[in-house]
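Structural description and commentary
This is what each chain is made of:
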Amino acid sequence: MDQPNDLEGTPKQVFDRLHSGNQRWTNAEIELDLKRQAFTSESFVDGQDPDIVIITCSDSRVIPEFIFDAGIGDLFVIRVAGNVMSHEVVASIEFAILELDAAIVMILGHQNCGAVQSKMKVINSPPIEGSLSPSMTTLLERVKLAADERSDILDHVKANVKYQRQELLQMSTVIAEKQAKKELGVLSGVYLIDSRKVEIIY
Ligand SMILES: [Zn+2]
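We now turn to the structure provided with this report. (Residues numbered from 1 in each chain as written. Predicted model: local features only at pLDDT ≥ 70, side-chain atom pairs only at ≥ 80, totals over all residues.)

The next thing to look at is the overall build of the protein. Helices and strands together make up the secondary structure of the protein, namely eight helices and five strands. Along its sequence from the N terminus, the protein presents helices and strands in the succession α-α-β-α-β-α-β-α-α-α-α-β-β. Here the protein holds 202 residues, and 37% of them are scored as buried. Long-range contacts, defined as pairs at least 24 residues apart, comprise 73% of the intrachain contacts of the protein with a sequence gap of at least 6. (Helix = DSSP H or I, 4+ residues; strand = E, 2+ residues; numbered from the N terminus. Buried ≥ 20, exposed ≤ 12 C-beta atoms within 10 Å, placed from the backbone. Contact = placed C-beta atoms within 7 Å.)

Structure (structure tokens):
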């Protein structure tokens, strides 16, 4: 995972934790001991204090706690197919920032995303009217692809996370202001399932 070059202060330190967690996952050297954490030494009853928000796809192969070698209470995770923004998603992110003091927000797409593939299919051969439910149509409308139709799925996944990051900054004044003051890092990235690496896109 490449280091972004414009993070300062706390966001940079928090990013470094994410980065080293992904390196451990990539190298099959994870330290997470779920059994010890969940059943023995630590109690999570009184509250939570995660400083990282991950908005990712619902895909069953993408598990943020594994990808970043993180434990219970470390990540505030929002999952929706295609990792798209909506008012509900933005409200959850704002909750994590304002109430829990999260310092990093990462929109995380992934290699071979089915939602992106579905959107490409719809563009290439539009479905018969009424064959998709209104909710499914709305979801696919929110997935944004690269302009170049020759691009492959991964290019579209990257274009989508970039777009969703911009959407987030436009939909939330609070988040845009905190990012401008360098109190909050807002990143987008792609999880490569084959290498287990997270590539930062922005
Ligand atoms: Zn997906």
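Moving on, there is more to tell.
Our focus in this paragraph is unusual backbone geometry. In this structure, Asp-101 is a non-glycine residue whose phi angle is positive, near 60°. Within the element layout of this structure, Asp-101 appears in the loop between helix H4 (87-98) and strand E3 (104-110). Here Asp-101 falls in the partly exposed class, since 13 other C-beta atoms lie within 10 Å of it.

Further remarks concern the packing of H4 against helix H8 (residues 173-180). For any two helices packed against each other, the geometry is given by the interaxial angle and the distance between the axes. Relative to each other, H4 and H8 sit at 45°, their axes nearing to 10 Å. The orientation of H4 with respect to H8, classified from their angle, is oblique. Along this stretch, H4 crosses H8, giving a crossing that reads as left-handed. Residues Ile-93, Glu-94, Ile-97 and Leu-98 of H4 form the contact with H8, whose own contacting residues are Val-174, Ile-175 and Lys-178. (Axes fitted to C-alpha atoms, helices over the stretch in contact; angles between N-to-C directions. Parallel < 35°, antiparallel > 145°, perpendicular 65-115°, else oblique. Left-handed = near helix turned anticlockwise from the far one by under 90°.)

Glancing now at the sheet that holds E3. One open sheet holds the five strands; their spatial order is E2-E1-E3-E4-E5, and the pairing between them is mixed. The sheet is open, and its two edges are formed by strand E2 (75-79) and strand E5 (198-200), each paired on a single side. If you compare each strand with its neighbour and ignore which way they point, the axes differ by 25° on average. In this structure, E3 lies alongside strand E4 (residues 185-191), joined through seven bridges in parallel fashion. The residue of E4 that forms the bridge with Ile-104 is Gly-185. Relative to E3, helix H1 (residues 9-26) is tilted by about 30°, and along the sheet it contacts strand E1 (52-56), E3, E4 and E5. (Pairing = 2+ DSSP bridges.)

A few words now on H4. Structurally, the α-helix is built with 3.6 residues per turn, so residues lying three or four positions apart point the same way. In this model, H4 (twelve residues) spans 16 Å end to end at C-alpha, consistent with the 16 Å of a helix rising 1.5 Å per residue. Those residues of H4 that fall on the buried side of the exposure criterion are Val-89, Ile-93, Glu-94, Ala-96 and Ile-97. Projected down its long axis, H4 carries its buried residues within an arc of 160°, all on one side. Exposed side chains of H4 directed beyond 90 degrees from the buried face belong to His-87, Glu-88, Ala-91 and Leu-98. Elements that come into contact with the buried residues of H4 comprise E1, E2, E3, helix H7 (153-171) and H8. (Expected span 1.5 Å × (residues − 1). Arc of directions from axis to C-beta.)

One recurring pattern in soluble globular proteins is that nonpolar side chains are buried together. Of all hydrophobic cores here, the largest spans 46 residues; its most connected members are Ile-52, Val-53, Ile-55, Ile-93, Ala-102, Ile-104 and Val-105. Elements that contribute at least two residues to this core include exactly H1, E1, E2, H4, E3, helix H5 (114-124), H7 and E4. Ranked by residues supplied to this core, first place goes to E3 with five residues. Filtering out sequence-adjacent residues up to four positions away, Ile-52 remains in contact with Val-14, Leu-18, Asp-74, Leu-75, Phe-76, Ala-102 and Ile-104. (Core = buried A, V, L, I, M, F, W, Y, C linked by C-beta atoms within 7 Å.)

Further remarks concern the packing of H5 against H7. Contact pair H5 / H7: the axes reach a minimum separation of 10 Å and the direction vectors enclose 105°. One way to sum up the angle between H5 and H7 is to call them roughly perpendicular. Residue-level inspection shows Val-116, Gln-117 and Met-120 of H5 in contact with H7, the latter providing Ile-153, His-156, Val-157 and Asn-160. Per-class residue counts for the contact of H5 with H7 are four nonpolar, three polar and no charged. (Nonpolar A, V, L, I, M, F, W, Y, C, P; charged D, E, K, R; others polar.)

With that settled, the discussion passes to the pairing of E3. Here E3 lies mainly inside the structure; seven of its seven residues are buried. Going residue by residue along E3, you find Ile-104, Met-106, Leu-108 and His-110 tucked away on one face and Val-105, Ile-107 and Gly-109 tucked away on the opposite face as well. In the sheet, E1 pairs with E3 via five bridges, with the strands oriented parallel. In the sheet register, Ile-54 faces E3, and the bridge partner there is Met-106.

Summarising the element assignment, Leu-169 is placed in helix H7. The spacing of Leu-169 and Val-186 is 17 residues in sequence and 8.5 Å in space, taken between C-alpha atoms.

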